Amino acid sequence: MTSENPDLMYRLLVQGVVDYAIYMLTPDGVVSSWNAGAQRAKGYTADEIVGQHYARFYQGDDIDAGLPAKNLEIATRTGRFEDQGWRVRKDGSAFWAHVVIDAVHSEDGRLVGFAKITRDITERYQQQRKLVEAKDLAEAYSRQMSSLSHFLDSVIANIPASVLVLDVASGTILLANQQAQRLFAQAFVDLKGLVAGDCLAPGVADYIACQTANSAPARAGFDDAVLVQTSVGPRSLRSRTVLGKQPDGEADYVLIITEDVTDELAAYAQIHHMAQHDGLTNLPNRNLFNDRLNSAIAHSADDGSGVGILCLDLDNFKNINDAFGHGFGDKILLMLASRLRKCLRDQDTLARLGGDEFAVVLPRVKRLEEAQQAAQRLIEAVAPAFSIDGHSFAVGISIGIALSAPAGNTAEQLLQYADMALYEAKRNGRNRHEVFRPELEAAARVRRQIEIDLRRALHRGELQMHYQPIIEKAGNRISGYEALIRWQHPERGAIAPIDFIPIAEETGLIHELGARALNLACQEASTWTNGETIAVNLSPVQFKSSELVSMVALALADSGLAAARLELEITESVLLDNSDGNIRTLKALKKLGVRISLDDFGTGYSSLSYLRSFPFDKIKIDKSFVQEIGESREAMAIIRAITGLSSSLLIETTAEGVETEEQFRRLLEEGCSHFQGYLFGRPEAAENRIQQLDRRVSGL
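Keep in mind it's a predicted model, so treat the numbers as computed, not measured.

Student: I tried to follow the overall build of the chain on my own but got confused; where do I start?
Tutor: For the chain, the count of helices and strands is 26 helices and 26 strands. Burial analysis of the chain (700 residues in total) assigns 47% to the buried set. Here the analysis covers contacts within the chain between residues at least 6 apart in sequence; of these, 58% occur between residues at least 24 apart. Total accessible area computed for the chain in this model is approximately 33500 Å², and 50% of it derives from carbon and sulfur atoms.

Shown next, in the form of structure tokens:
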């Protein structure tokens with residue numbers, strides 16, 4: 001598994017390392033991640049330290065001297081800060097730490113944070129001090145060297161790093177501790193007394209020779225890491241060398257202290273990877289996507305090609321999360337990412353921007369058709385159902401396409417254009433792709449302006465209710481009205497509901513707009529003396545609010561309208577979206593005493609199970625069937641089926657869109673109980689509403 005997925009190996013490695021404190025800092029020095037080694041070394045849990053500034057690990061004098069900020073400045077300027085010094089644990093105890101702070105940059109050179117690796121080397125520090133002390137004593141008291149030799153060997157043998165001492169002139173190895181034997185020697189070969197060039201593998205011998213050649217009497221710090229083929233495999237090594245004199249002063253020796261930093265570098269690489277990839281799918285995240293997009297735009301300017309952007313969004317994915325939980329949703333996203341990746345070229349970048357939003361960079365695109373073909377391949381790849389734990393899930397995907405212009409576009413512009421095209425794809429039915437056109441940008445500006453104006457209209461009282469009569473067959477009278485919201489813009493005049501209701505739903509304004517419409521309708525209906533009912537439409541989006549039932553109850557209480565006179569109209573999509581939760585909401589509304597009507601029945605995903613799961617008071621036959629009543633046998637059959645079903649279930653029916661006497665006569669014959677349409681009256685303001693039927697309409 002690790003050979004096929006090295007990123008996973010590095011991630012597990014970072015999380016499982018307990019000997020190193022490995023964590024990320026933001027560019028400001030705030031801790032953003034915390035591994036098990038950090039908790040062990042410093043005593044803090046991730047919950048206690050993530051979000052805190054890393055300066056809290058320094059002692060007071062260091063903080064007063066501004067060392068935390070200076071260290072980050074050095075790392076930013078040079079790429080790396082490395083030091084040793086005392087640090088403080090949570091319990092107040094101090095430890096000697098080896099600290100490395102590496103600046104982490106994006107592909108375009110932007111600083112995205114720091115990788116900080118801290119290792120508790122108190123024991124090694126103390127041992128090294130003892131080693132230095134022992135060395136000094138040996139040189140000062142040459143006659144006592146024999147008695148100190150055993151102690152010195154013991155200390156060196158237990159130093160975590162590899163220690164080699166070589167005679168400079170002959171290349172003979174004078175000392176090799178256990179770690180050096182394991183890292184450099186062939187099996188069962190004792191290095192002491194041998195010539196380095198003769199007993200070491202070629203790669204190791206070259207590395208040691210390089211360290212010896214670069215030795216200096218007092219060279220501080222460690223060299224950069226070098227990949228060396230050692231006896232335990234390829235390892236990244238970092239060494240420090242010290243040149244000295246033998247106690248007798250006759251020969252030079254070189255002390256080489258080598259650390260194996262393979263795991264440390266792997267941890268750093270994984271931290272860098274995690275900063276630029278999505279944690280679930282391992283796809284590039286938004287940061288890396290933007291880097292790749294900017295890079296593709298820059299290269300396109302060089303070779304004259306174009307850059308394509310695809311913005312992807314799953315259709316109805318929220319329903320799966322709501323019904324089965326986010327665990328199922330995550331599994332679908334993993335399978336989806338695999339399918340999408342297989343449809344793209346190696347040079348293309350597929351990224352997860354968040355949730356169920358994905359995006360693709362298509363570099364070096366010559367023709368728009370290439371981007372369209374790529375989008376179609378993605379749609380077709382998603383089409384087959386996803387099978388998870390015995391469940392089958394079908395999801396669609398909508399895609400917006402934008403292609404860079406010859407004059408060039410910024411990354412931000414391309415993303416905006418692709419997002420506008422995605423909106424158009426969803427508006428035109430979903431599970432399809434659309435290409436950005438300049439008029440979409442104008443339409444987006446109009447939508448934004450409508451949103452701004454709608455917010456203002458809600459506060460200025462520009463919205464009012466109009467009422468269309470509903471005719472009752474029994475008694476041939478107006479039994480009620482449907483309340484329809486109207487917006488009279490002070491500058492643009494009347495704005496049709498179809499132009500602002502979808503925008504209100506997208507922006508969340510529908511909750512305030514719906515509450516305003518309900519309150520106005522209830523207040524005006526409460527003044528009518530003939531007891532007519534008032535029908536108010538509820539948007540499916542309103543059912544996402546936990547306050548819907550209390551909002552209806554408050555509107556009734558404030559207006560004094562009898563609950564039985566209020567009829568709430570819903571569409572079938574309410575039952576599709578989180579049906580269990582919405583059925584509970586419908587039952588709570590019904591408990592208030594209001595009537596519930598199923599609007600536009602037969603136009604969507606009609607199912608008899610809806611009528612079985614909830615006792616609707618009325619079914620409304622969509623006007624599309626009424627308008628084709630004299631031309632389409634299918635429309636007539638559907639009307640007949642609805643009225644027959646409603647009659648058997650004792651549910652009233654309202655035929656919408658009745659415009660001719662012939663339509664009215666046929667609907668009467670089919671047994672419709674209520675009628676609504678221009679034949680009886682158009683929507684009017686409350687003071688102008690039609691209150692009596694025109695007796696010239698035949699059949700009344």
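The structure having been displayed, the exposition proceeds.
Student: Before we go on, may I ask you to explain the packing of aromatic side chains in this structure?
Tutor: How two aromatic rings sit relative to each other is set out by the distance from centre to centre and by the angle between their planes. Across all of its chains, the model carries 14 aromatic pairs by this definition. Where Tyr 23 meets Phe 57, the ring centres are 6.0 Å apart and the plane angle is 70°; that geometry is what we call edge-to-face. With Tyr 23 in strand E1 (residues 21-25) and Phe 57 in the loop between helix H3 (46-49) and helix H4 (60-64), this pair connects stretches of sequence that are 34 residues apart. Classification of Tyr 23 by relative accessible area gives buried; the value is 0%. By relative accessible area, Phe 57 is classed as buried at 1%. Clustering of aromatic rings is evident, with ring pairs tying together Tyr 23, Trp 34, Tyr 44 and Phe 57. The ring of Phe 57 carries Lys 42 above its face, with NZ or CZ at 4.3 Å from the centroid.

Student: Help me out: how do you make sense of the nonpolar core in this one?
Tutor: General note: in soluble globular proteins, nonpolar side chains tend to be found buried as a group. Counting 74 residues, the largest nonpolar core has Ile 534, Val 552, Leu 566, Leu 568 and Leu 589 as the members making the most contacts within it. Those residues in contact with Leu 566 that sit more than four places away from it in its chain are Leu 518, Cys 522, Ile 534, Val 536, Val 552, Leu 556, Leu 561, Val 594 and Arg 595. Core analysis: the next-biggest nonpolar cluster, separate from the first, contains 34 residues, Phe 317, Ala 337, Leu 340 and Ile 388 among them.

Student: It is not clear to me how the environment of Val 104 should be interpreted in this structure. Could you clarify?
Tutor: If you trace the backbone, Val 104 turns up in strand E3 (residues 94-105). The spatial distance from the C-alpha of Val 104 to the C-alpha of Leu 25 is 9.5 Å, given a sequence separation of 79 residues. Leave out the neighbours within four places in its chain, and Val 104 touches Met 24, Arg 110, Leu 111, Val 112, Gly 113, Phe 114, Ala 115, Tyr 268 and His 272.

Student: How do you make sense of the pattern of salt bridges when you look at a structure like this?
Tutor: Opposite charge on two side chains makes pairing possible when the charged atoms of those side chains draw close. Applying the stated criterion to the full structure yields 35 salt bridges. Through salt bridges with shared partners, one network takes in Glu 424, Arg 427, Arg 432, Glu 434, Arg 437 and Glu 439.

Student: Please explain unusual backbone geometry as it appears in this structure.
Tutor: Trans is the common state for peptide bonds, and a negative phi is the common state for residues other than glycine. With a phi angle near 50°, Asn 431 is a residue other than glycine that sits in the positive phi range. Here Asn 431 lies in the loop between helix H16 (411-427) and strand E16 (433-435). For Asn 431, a relative accessible area of 42% puts it in the partly exposed group. Look at Leu 650: it is not a glycine, yet its phi comes out positive at around 60°. Structurally, Leu 650 can be placed in the loop between helix H25 (633-648) and strand E24 (652-655).

Student: Please clarify how the pairing of strand E22 (residues 595-601) should be interpreted in this entry.
Tutor: Most of E22 sits inside the fold, with 5 of its 7 residues counted as buried. Alignment of strand E21 (residues 566-570) against E22, held across 4 bridges, turns out to be parallel. Note that in E22 the partner of Leu 568 across the bridge is Ile 596. With 3 bridges joining them, E22 and strand E23 (residues 618-621) adopt parallel strand pairing. By the bridge assignment for E23, Ser 597 is matched with Lys 618.

Student: What should I look at first to understand the sheet that holds strand E10 (residues 306-315) in this one?
Tutor: Strands in a sheet are paired, the pairing made by backbone hydrogen bonds, and the direction either parallel or antiparallel. Strands sit in the order E11-E12-E10-E15-E16 across an open sheet of 5 strands; the sheet is mixed. Each having just a single partner strand, strand E11 (349-354) and E16 make up the two edges of the open sheet. Taken over all neighbouring pairs, the strand axes of this sheet differ in orientation by 20° on average, direction set aside. Summarising the sheet, E10 and strand E15 (residues 396-403) pair through 8 bridges and their orientation is antiparallel. What sits directly across from Asp 315, in E15, is Gly 396. The sheet strands contacting helix H14 (residues 326-342) are E10, E11 and strand E12 (357-365), and the helix crosses E11 at an angle near 155°.

Student: Would you take a moment to explain helix H26 (residues 661-670) for this structure?
Tutor: An α-helical turn contains 3.6 residues, so any two residues separated by three or four positions project in the same direction. Within the span of H26, buried status applies to Gln 663, Phe 664, Leu 667 and Glu 670. Looking down the long axis of H26, one finds its buried residues gathered within 125° of arc, a one-sided arrangement. If you follow the buried residues of H26, they end up packed against helix H24 (623-627), H25, E24 and strand E25 (674-675).

Student: What am I meant to see in the sheet that holds strand E4 (residues 111-120) here?
Tutor: Pairing in this open sheet of 4 strands is antiparallel, and the strands run E1-E4-E3-E2 from one edge to the other. A single partner strand is all that each edge strand has here, and the edge strands are E1 and strand E2 (80-88). Strand-to-strand, the axes of this sheet are offset by a mean angle of 25°, without reference to chain direction. Sheet topology note: the E1/E4 ladder contains 5 bridges and is antiparallel. Among the inter-strand pairings, Tyr 23 is bridged to a residue of E4, identified as Lys 116. This element, helix H5 (residues 67-78), spans E1, E2, E3 and E4 of the sheet and lies at about 160° to E2. In the packing of helix H11 (residues 262-274) onto the sheet, contacts are made with E1, E3 and E4, and the angle to E3 comes to roughly 45°.

Student: Is there a simple way to think about the packing of helix H19 (residues 510-525) against helix H20 (residues 548-559) in this case?
Tutor: The relative placement of two packed helices is expressed as an angle between their axes plus a distance between the axes. It is at 9 Å that the axes of H19 and H20 come closest, and there the two elements cross at 30°. Regarding the angle of H19 to H20, the classification is roughly parallel. For the element pair H19 and H20, the recorded crossing hand is right-handed. Across from Ala 515, Leu 518, Asn 519, Cys 522 and Gln 523 in H19, the residues of H20 making contact are Met 551, Val 552, Ala 555, Leu 556 and Ser 559.

Student: Looking at this model, I keep getting lost on H20. Mind explaining?
Tutor: A rise of 1.5 Å per residue sets the reference length of H20, with its 12 residues, at 16 Å; its end C-alpha atoms lie 17 Å apart and thus fit the reference within 8%. Burial in H20 covers these residues: Leu 548, Met 551, Val 552, Ala 555, Leu 556 and Ser 559. Looking straight down H20, one finds that the buried residues subtend no more than 135° of arc, so they occupy a single side. Among the exposed residues of H20, those oriented more than 90 degrees off its buried face are Leu 554, Ala 557 and Asp 558. Looking one or two places after H20, you find Gly 560, whose phi comes out positive at around 80°.

Student: Is there a simple way to think about the pairing of E15 in this case?
Tutor: If a strand is regular, its side chains alternate between the two faces of the sheet. Burial within E15 is extensive, with 7 of its 8 residues counted as buried. Alignment of E15 against E16, held across 3 bridges, turns out to be parallel. Each bridged residue has a counterpart across the sheet, and for Ile 399 the counterpart in E16 is His 433.

Student: It is not clear to me how the environment of Thr 349 should be interpreted in this structure. Could you clarify?
Tutor: Among the structural elements, Thr 349 can be located in strand E11. Classification of Thr 349 by relative accessible area gives buried; the value is 5%. Among all residues touching Thr 349, those that are not within four sequence positions of it are Pro 284, Arg 292, Arg 341, Ala 359, Val 360 and Val 361. A polar contact of 3.2 Å, which involves the side chain of Thr 349, links it to the side chain of Arg 292.

Student: Sorry if this is basic, but what is going on with the side chain of Glu 264 here?
Tutor: With respect to the helices, strands and loops of the structure, Glu 264 is situated in helix H11. The contacts of Glu 264, once residues within four sequence positions are left out, are Tyr 20, Val 100, Ile 117 and Arg 238.

Procedures and definitions
Residues numbered from 1 in each chain as written. Predicted model: local features only at pLDDT ≥ 70, side-chain atom pairs only at ≥ 80, totals over all residues. Heavy atoms only, no water. Helix = DSSP H or I, 4+ residues; strand = E, 2+ residues; numbered from the N terminus. Buried < 20%, exposed > 50% of the residue type's maximum accessible area, 1.4 Å probe, protein only. Contact = heavy atoms within 4.5 Å. Areas by Shrake-Rupley, 256 points an atom, 1.4 Å probe, with all protein chains shown as cover. Phe/Tyr/Trp six-rings, centres within 6.5 Å; stacked < 30°, edge-to-face > 60°. Lys NZ or Arg CZ within 6 Å of the ring centre and 35° of its normal. Core = buried A, V, L, I, M, F, W, Y, C linked by side-chain atoms within 4.5 Å. Salt bridge = Lys/Arg side-chain N within 4 Å of Asp/Glu carboxyl O. Pairing = 2+ DSSP bridges. Axes fitted to C-alpha atoms, helices over the stretch in contact; angles between N-to-C directions. Arc of directions from axis to C-beta. Parallel < 35°, antiparallel > 145°, perpendicular 65-115°, else oblique. Left-handed = near helix turned anticlockwise from the far one by under 90°. Expected span 1.5 Å × (residues − 1). Polar contact = N/O pair within 3.5 Å; in protein donor to acceptor, adjacent residues only side chain to side chain.

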